Amino acid sequence: MNAMEQKTKKIVLFCKSYGKDMFRARRMAESVHRFNADNIPLYISVPASDLNQFKQCFGNIPCYFITDEEILNKSRQVYGPLPKLFPSDLLQQLIKLEFWRMGFCENYLWLDSDSYFIKTFHIADFFHDETTPYIVQHHSKDLFDFARRTGNTKIIHDFEKMAIHFQTLFQRSGPLYNFGCSPLIWSCKVLRSLCEDYLKPKNKTVFDLLQEYHCE
């Protein structure tokens, strides 16, 4: 299916995948096809070198394939070329964060390849009202309980260090909230504001941001 022919949607589903995760991504897409009551479009971004293999594997499962290179090209038009030796794990995060520039949607639900749906879902399940998407925000209780039960307190220390780092960025104090893990709903308005109202005035790029804050 041709992604470029689609009109802007209130919300779409988005997955960044690659060859090693292809069969997991297919299982995810099959679950979307089975339970997607409102026919929310599913977009899957893969390296151009993997595109034909994905298309053959997915067969007639309805989804829109785009390439990582298409998204990265949109990013380069704004920020210039990628820094040399940009880490591959940050490249994955960059593609997820910059998908909004494709203009396909107002919001997107980012799915990992190994995610899958187990019951029917609707557009309304992702929104507080007609225009406000839900966000994931919690106190990491399950994560901390697991860390204490297993004696791995480094998990708690690492999370608190990261959360305080982010608080400093936005000059916020108070509880250390966790905004993960996936699936996550991202607002294109918020991501556009991050670019235009935060990064540009500070003469920073999204590359700089990811290298300083290693987390979506």
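Calculation notes
Numbering of residues begins from 1 in every chain and follows the order in which that chain's sequence is written. pLDDT decides what is reported in this predicted model: residues at 70 or higher carry local features, side-chain atom pairs at 80 or more are listed and counted, and totals for whole chains, interfaces and linings draw on all residues regardless. To get the side-chain values, all heavy atoms of the structure are used, and hydrogens and water are removed first. Each helix is a run of H or I in the DSSP string that is no shorter than four residues. Each strand is a run of E no shorter than two, and both are numbered from the N terminus. As a reference, a globule follows 2.2 Å times the number of residues to the power 0.38, and the radius of gyration itself is taken over C-alpha atoms. A simple rule labels every residue: compare its accessible area, found with a 1.4 Å probe on the protein chains alone, to the largest value its type can have, and call it buried under 20%, exposed over 50%, or partly exposed in between. Strand pairing is assigned whenever DSSP identifies at least 2 bridges connecting the two strands. The working definition used for a salt bridge is a side-chain nitrogen of Lys or Arg within 4 Å of a carboxyl oxygen of Asp or Glu. Axis definition: a line fitted to C-alpha atoms, limited for helices to the stretch in contact. Angles are taken between N-to-C directions and run from 0 to 180 degrees. Any two residues having at least one pair of non-hydrogen atoms within 4.5 Å are treated as being in contact.

(A) Structural context of the overall build of the protein. Looking only at helices and strands, the protein features eight helices and five strands. Reading the protein from its N end, one meets helices and strands in the order β-α-β-α-β-α-α-β-α-α-β-α-α. Here the protein has a C-alpha radius of gyration of 18 Å; the compact-globule value for 216 residues is 17 Å, and the two agree. Principal axes of the C-alpha set define a box for the protein whose edges measure 50 × 45 × 35 Å. A burial count over the protein gives 44% of its 216 residues as buried.

(B) Focus on the pairing of strand β4 (residues 107-111). The element β4 is largely enclosed, with a buried count of five among its five residues. Burial along β4 is two-sided: Asn107, Leu109 and Leu111 and Tyr108 and Trp110, pointing in opposite directions, are all buried. Bridge count for strand β1 (residues 12-16) against β4 is four bridges, and the pairing is parallel. Following the sheet pairing, phenylalanine 14 is matched in β4 by tryptophan 110. Of the strand pairs in this sheet, β4 and strand β5 (residues 184-187) are connected by four bridges, and their pairing is antiparallel. Pairing of tyrosine 108 across the sheet is with tryptophan 186, part of β5.

(C) Region of interest: the pattern of salt bridges. Inspection of the entire model under this criterion finds nine salt bridges. Of the charged contacts, one joins aspartate 68 and lysine 16 as a salt bridge, the two residues approaching to 3.0 Å between their closest N and O atoms. Of the two residues, aspartate 68 is situated in helix α3 (residues 68-79) and lysine 16 in strand β1; the sequence distance between them amounts to 52 residues. You can call aspartate 68 buried: its relative accessible area is 6%. Three or more residues joined by partner-sharing salt bridges are found here, namely Lys141, Asp145 and Arg148.

(D) Region of interest: the sheet that holds β1. Spatially, β3-β2-β1-β4-β5 is the arrangement adopted by the five strands of the open sheet, whose pairing is mixed. Every interior strand has two partners, whereas the edge strands, β3 (64-67) and β5, have only one. For this sheet, the mean angle separating the axes of adjacent strands, direction not counted, is 30 degrees. On top of the sheet, helix α1 (residues 22-35) reaches β1, β2 (42-46) and β4; it is set at about 170 degrees to β2, its chief contact. Against the sheet, helix α7 (residues 188-199) makes contact with β4 and β5, and its axis sits at roughly 60 degrees relative to β5, the strand it touches most.

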